[in-house]
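Next come the chains, spelled out residue by residue.
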2 protein chains.
Amino acid sequence: MKIYRANLVFTPSCDAFCMLPRGYVVVNDAGVIEGVYEQLPAQWSAVPVEDFGDKLLIPAFNDLHIHAPQYRNLGLALDLELLPWLNTYTFPEEAKFCDLQYAKRIYRRFVHELWMQGTMRSAVFATAHTEATLLLADLFIEAGLGAYIGLVGMNRNSPDNLRNTTDQLIQGIRDLKTHLDRHGKQGLVQPIVTPRFVPSCTPDMLAALGKIAHELNLPVQSHLSENKNEVAWVKQLEPDSTCYGDVYDRHGLFGQQPTLMAHCCYSEGEELELIKRNHITVVHCPMSNSNLASGIAPIRHFMNDGVHVALGTDVSGGHNMSMLRAMQYAIQVSKVHYGNSQGKIPFLTSCEVFYLATKAGGAFFGKVGSFEPGYEFDALLIDDTYLNYDHYTLQQRIERYIYLGDDRDIRRRFCRGQELCEPKM
Amino acid sequence: MKIYRANLVFTPSCDAFCMLPRGYVVVNDAGVIEGVYEQLPAQWSAVPVEDFGDKLLIPAFNDLHIHAPQYRNLGLALDLELLPWLNTYTFPEEAKFCDLQYAKRIYRRFVHELWMQGTMRSAVFATAHTEATLLLADLFIEAGLGAYIGLVGMNRNSPDNLRNTTDQLIQGIRDLKTHLDRHGKQGLVQPIVTPRFVPSCTPDMLAALGKIAHELNLPVQSHLSENKNEVAWVKQLEPDSTCYGDVYDRHGLFGQQPTLMAHCCYSEGEELELIKRNHITVVHCPMSNSNLASGIAPIRHFMNDGVHVALGTDVSGGHNMSMLRAMQYAIQVSKVHYGNSQGKIPFLTSCEVFYLATKAGGAFFGKVGSFEPGYEFDALLIDDTYLNYDHYTLQQRIERYIYLGDDRDIRRRFCRGQELCEPKM
């Protein structure tokens, strides 16, 4: 049993911050929260309290869409839209991951930076290379970070050195599953079925992926309706489907298992109905959508409509690994819809984006992303002394941290109750 | 005479980075650049070279629109549009600057952060309080940073505790000028005539400001066409004027002296003609325009049209003092125009925004913001080792620095040839 004392801030719902000034959080030996308290109950009085003073203790961040092999391209090559960007910059970089030495060097840095930025859980696209993907999974395990790791399926409209056959892909997914099962069914790192996107995968490959997801009971992640030209291309490639999402759906890759769909900038009408009906989690990636001039997903509309939304950086379409930046962008792009609607569509608040980056994303990993009883203790200890030089309220402190904070403010990081030390780089 | 060696990167024009790998910059005793060289000319061979190794040496940043008294509000109160935001959050904060102790405490932090972020020159709005504005000017001088400091004129539609009369304002401007003249006519800190914006200033006050600007030969700064409701309000307040800019123009505050106009999100038609004809510098503040849902200035159109454009953070409408962030936002919001025009309006490039943040803004201060001969040596030494772990080209390194860098990468700061140590906080 562990007890920590600090200013606790979390979001049980997206409506308001729950704040316990100098509160207590009790974490059991399984890393699960027993409760949070303003006054410590007598039953715990024998347990020593680790007091973090006036610092903030918040749920750790969850990045629900990120490409590990694009790490080297961070901050580069943002002068093209999605499809030429993929062909010119991204595919050539990903192709390098056939080289395990290269993969190790870049993936170590990637995992280190997730740790640094306080992202304790992530849904990760690797590449089409099985061995490098196993290596990436091992690096996550070594670091103690949680992740869904996806071996990426690509067998059409892709460079030769980045394709896998359906057989290779399915075998790779089995290998990854076997590899990770050695760490237990409840391990922090798990496989996820990952067709890159419809233009990269033949119907045969999609069908095989749907089958293996069902057979091995694996979740699914992919891209959906990110860019207008991409949507038009999918319509051309798969004329029998009623919408982009329907292509995934008819192959069992759209909610038959828990499913993440990144972007959804242009999901409407039937596709939006399908998203709702099949309980898809939409992963909003506003930083990337801005950089690649993709468009702005109608997130307020989705949320009002009951769609489950989470947040992603989409590195390296997004240029920064910090989920704080993703939160800032989520607010700011929502203000474009606000402005275009003459204020009729409310923009996202700091509380709502905090919820998206913690509890909403965490839900994909189980009971993660909040400080409620039964939740796994994923947390960041934040020292905002330099921001808190005047008489700021606790709510103002968290708002200022969202807008002004960065990795150097994070003093300690916990994932499923374990404190994580700095990974090797 | 000083000679520095490093990877020199600067932008003589907005079209391309000029890069001298391991080049030399020769700075004379007046702090002015004699030249930059790939090989050091023989005439300087007796002067010791300070070698910065593989680091980057770039022109320092110039923030052409920033509100010093809003520093405490950074990252707060971004849930309203401009006019209610001013009344609810900003004016009450500015009113506190009648208290010199409070002013000193906040202004010290403000000046410290400009130094920290590598902003060596800025065009600053203070408040309507003369004494606090003199204090702010002294803090800039003490720090060695360059600035135009504006005592803010406000005598209508403003809280009582934040108004000055026209007489008080004009006397305050004279006092500020006298105060700063003691440091010489060529001092790094100079006064600037600063009507807050048309809604805050009666025609009498504007007329008096136009007169004093002419009499004392002072530049002018204000806000223009930031928000649709503001534009409509100005039309209502000043029905005889043909456009918002025309109100300033008929009082001698629109290019009769060198003039900065922040925002210009809605400047078109006659106003745009007036901007061009009168050689107004438009200060683009994309971070603030995003936060306050003001709109997006058509900067590509302005640049194509020959308008002189510079860049500002507009703290605290902008939530971050870093000009790197201002550059990122300038690119990103330009991609909204790019997207809306189906790619017909090209977005801004990293080279163009670097130019805006250095040479284009620096022009308001003289020969500032480039490493060309005759330019004052304002420079930042950047250690990007952690970003430069692979075989990145010099151009890639500067691009990555723009997107991923922050204040901790700045190792040394120079303003007019003098190295600046950390100001007291």
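Residues numbered from 1 in each chain as written. Chains lettered and ligands numbered in written order. Predicted model: local features only at pLDDT ≥ 70, side-chain atom pairs only at ≥ 80, totals over all residues. Heavy atoms only, no water.

Here's the deal with unusual backbone geometry
No. 1: Residues A:Val315 and A:Ser316 are joined by a peptide bond in cis, for which omega reads 5°.
No. 2: Among the secondary structure elements, A:Ser316 is positioned in the loop between strand S14 (308-311) and helix H11 (323-340).
No. 3: Positive phi, normally seen in glycine, also occurs at B:Asn157, with a value near 50°.
No. 4: Mapped onto the secondary structure, B:Asn157 falls in the loop between strand S8 (152-153) and helix H4 (166-181).
No. 5: The partly exposed category is assigned to B:Asn157, whose relative accessible area is 36%.
No. 6: The backbone of B:Asn217 shows a phi angle near 60°, a positive value even though the residue is not glycine. (Helix = DSSP H or I, 4+ residues; strand = E, 2+ residues; numbered from the N terminus. Buried < 20%, exposed > 50% of the residue type's maximum accessible area, 1.4 Å probe, protein only.)

Description of the packing of helix H3 (residues 130-143) of chain B against H4(B)
Residue and element names in this part refer to chain B.
No. 1: Remark: H3 packs on H4, axes separated minimally by 10 Å, with the N-to-C direction vectors making an angle of 25°. Our classification of the angle between H3 and H4 gives roughly parallel. Where H3 crosses over H4, the handedness of that crossing is right-handed. Together, Thr130, Thr133, Leu134, Ala137, Asp138 and Ile141 of H3 and Gln168, Gly172, Asp175, Leu176, His179 and Leu180 of H4 make up the contact between the two elements.
No. 2: Here the contact of H3 with H4 is composed, by residue class, of 5 nonpolar, 5 polar and 2 charged. (Axes fitted to C-alpha atoms, helices over the stretch in contact; angles between N-to-C directions. Parallel < 35°, antiparallel > 145°, perpendicular 65-115°, else oblique. Left-handed = near helix turned anticlockwise from the far one by under 90°. Contact = heavy atoms within 4.5 Å. Nonpolar A, V, L, I, M, F, W, Y, C, P; charged D, E, K, R; others polar.)

Remarks on the sheet that holds strand S5 (residues 61-67) of chain A
Residue and element names in this part refer to chain A.
No. 1: Taken together, the 4 strands give an open sheet; going across it, the order is S5-S6-S7-S9, and neighbouring strands pair in parallel fashion. This sheet does not close on itself; its edge strands, each paired only once, are S5 and strand S9 (189-191). Ignoring which end each strand starts from, the neighbouring axes of this sheet average 15° apart.
No. 2: Examined bridge by bridge, strand S7 (residues 146-150) and S9 share 3 bridges and lie parallel to one another. Residue Ile149 lies in a different strand from S9, and its bridge partner there is Pro191.
No. 3: Those strands touched by helix H2 (residues 100-116) are S5 and strand S6 (119-125), and its axis lies near 140° from that of S6.
No. 4: The sheet strands contacting helix H3 (residues 130-143) are S6, S7 and S9, and the helix crosses S7 at an angle near 180°. (Pairing = 2+ DSSP bridges.)

Description of the pairing of strand S11 (residues 220-224) of chain A
One face of the sheet, then the other: side chains in a regular strand alternate in exactly this way.
No. 1: Along S11(A), 5 of the 5 residues are buried, which leaves the element largely enclosed by surrounding structure.
No. 2: Taking every second residue as pointing to the same face, both faces of S11(A) are buried, with A:Val220, A:Ser222 and A:Leu224 on one and A:Gln221 and A:His223 on the other.

Structural notes on the state of the cysteines
No. 1: Evaluation of the coordinates by the stated rule reveals 0 disulfides over all chains.
No. 2: Looking at the unpaired A:Cys421, the closest cysteine sulfur is the one in A:Cys415, lying at 13 Å.
No. 3: Free cysteine B:Cys201: the closest other cysteine sulfur is in B:Cys264, separated by 16 Å.
No. 4: Since its relative accessible area comes to 0%, B:Cys201 is described here as buried. (Disulfide = S-S within 2.5 Å.)

Digging into the confidence of the model for chain A
No. 1: Averaged over all residues, the pLDDT of chain A equals 97, while 100% of them reach at least 70.
No. 2: The ipTM value of the predicted complex is 0.96, and its pTM value is 0.97. (pLDDT = per-residue confidence, 0-100.)

Some points on the packing of aromatic side chains
No. 1: Enumeration according to the criterion identifies 39 aromatic pairs over all chains in this entry.
No. 2: One aromatic cluster is present, built from ring pairs that chain together A:Tyr4, A:Phe10, A:Phe52, A:Phe371, A:Phe377 and A:Phe414.
No. 3: One Lys or Arg, A:Arg413, reaches over the ring of A:Trp115 and ends 3.8 Å from the middle of that ring.
No. 4: Lying over the aromatic face of B:Phe347, B:Lys335 brings its terminal NZ or CZ to 4.7 Å of the ring centre. (Phe/Tyr/Trp six-rings, centres within 6.5 Å; stacked < 30°, edge-to-face > 60°. Lys NZ or Arg CZ within 6 Å of the ring centre and 35° of its normal.)

Some thoughts on helix H8 (residues 269-277) of chain A
All names here are of chain A.
No. 1: Those residues of H8 not exposed but buried are Glu271, Leu272, Leu274 and Ile275. Taken down its axis, H8 places every buried residue within 160° of arc, on the same side.
No. 2: Those residues of H8 that are buried lie in contact with S11, helix H7 (244-249), strand S13 (281-284) and helix H10 (299-304).
No. 3: The first or second residue beyond H8 is His279, which carries a positive phi of 55°. (Arc of directions from axis to C-beta.)

Thoughts on the relation of the copies chain B and chain A
No. 1: With an axial shift of 0.0 Å and an RMSD of 0.0 Å, the rotation relating chain B to chain A amounts to 180°. Within this description, the copies of the chain are treated as partners about a two-fold rotation axis. (Least-squares fit on C-alpha atoms with pLDDT ≥ 70 in both.)

Some remarks on the nonpolar core
No. 1: Of all hydrophobic cores here, the largest spans 241 residues; its most connected members are A:Phe110, A:Leu136, A:Phe140, B:Phe110, B:Leu136 and B:Phe140.
No. 2: Excluding anything up to four places from it in sequence, A:Leu136 contacts A:Ala68, A:Tyr107, A:Phe110, A:Val111, A:Val124, A:Ala126 and A:Ile149. (Core = buried A, V, L, I, M, F, W, Y, C linked by side-chain atoms within 4.5 Å.)

With respect to the layout of surface pockets
No. 1: By volume, the second largest pocket is sized at about 880 Å³.
No. 2: Around the second largest pocket, the lining comprises 45 residues; the ones closest to its centre are A:Asp406, A:Arg408, B:Asp406, B:Asp407 and B:Arg408.
No. 3: Listed by contribution, the elements that provide at least two residues to the lining of the second largest pocket are H2 and helix H13 (394-404) of chain A together with helix H2 (100-116), helix H11 (323-340) and helix H13 (394-404) of chain B.
No. 4: Here the residues of the lining of the second largest pocket sort into 18 nonpolar, 11 polar and 16 charged. (1 Å grid on protein atoms, 1.4 Å probe; cavity = no way out; pocket = protein on both sides within 12 Å on 5 of 7 lines; lining within 4 Å. Points joined across faces, edges and corners; volume = space filled by probe spheres on them.)

A short note on H13(A)
No. 1: Summarising burial for H13(A): 9 of the 11 residues are buried, a large majority.
No. 2: Considered for burial, the residues of H13(A) that qualify are A:Leu394, A:Arg397, A:Ile398, A:Glu399, A:Arg400, A:Tyr401, A:Ile402, A:Tyr403 and A:Leu404.

Comments concerning the interface of chain B and chain A
No. 1: Across the contact, 41 residues belong to chain B and 41 residues belong to chain A.
No. 2: In this assembly, chain B packs against chain A so that about 3,700 Å² is buried in total across both faces, 44% of it on carbon and sulfur atoms.
No. 3: Our count for the chain B to chain A interface comes out at 8 salt bridges.
No. 4: Among the salt bridges present, the one from A:Arg408 reaches B:Asp407, with a minimum N-O distance of 2.7 Å.
No. 5: For the pair chain B and chain A, the interface holds 28 residue pairs in polar contact (both at pLDDT 80 or more).
No. 6: If you list the elements that add at least two residues to the side of chain B that touches chain A, you get H2, helix H9 (286-291), H11 and H13 of chain B.
No. 7: At 6 residues, the largest contribution of residues to the side of chain B that touches chain A is made by H11(B).
No. 8: Of the residues that constitute the side of chain B that touches chain A, the class distribution is 16 nonpolar, 11 polar and 14 charged. (Buried area = accessible area lost by both parts, 1.4 Å probe. Salt bridge = Lys/Arg side-chain N within 4 Å of Asp/Glu carboxyl O. Polar contact = N/O pair within 3.5 Å; in protein donor to acceptor, adjacent residues only side chain to side chain.)

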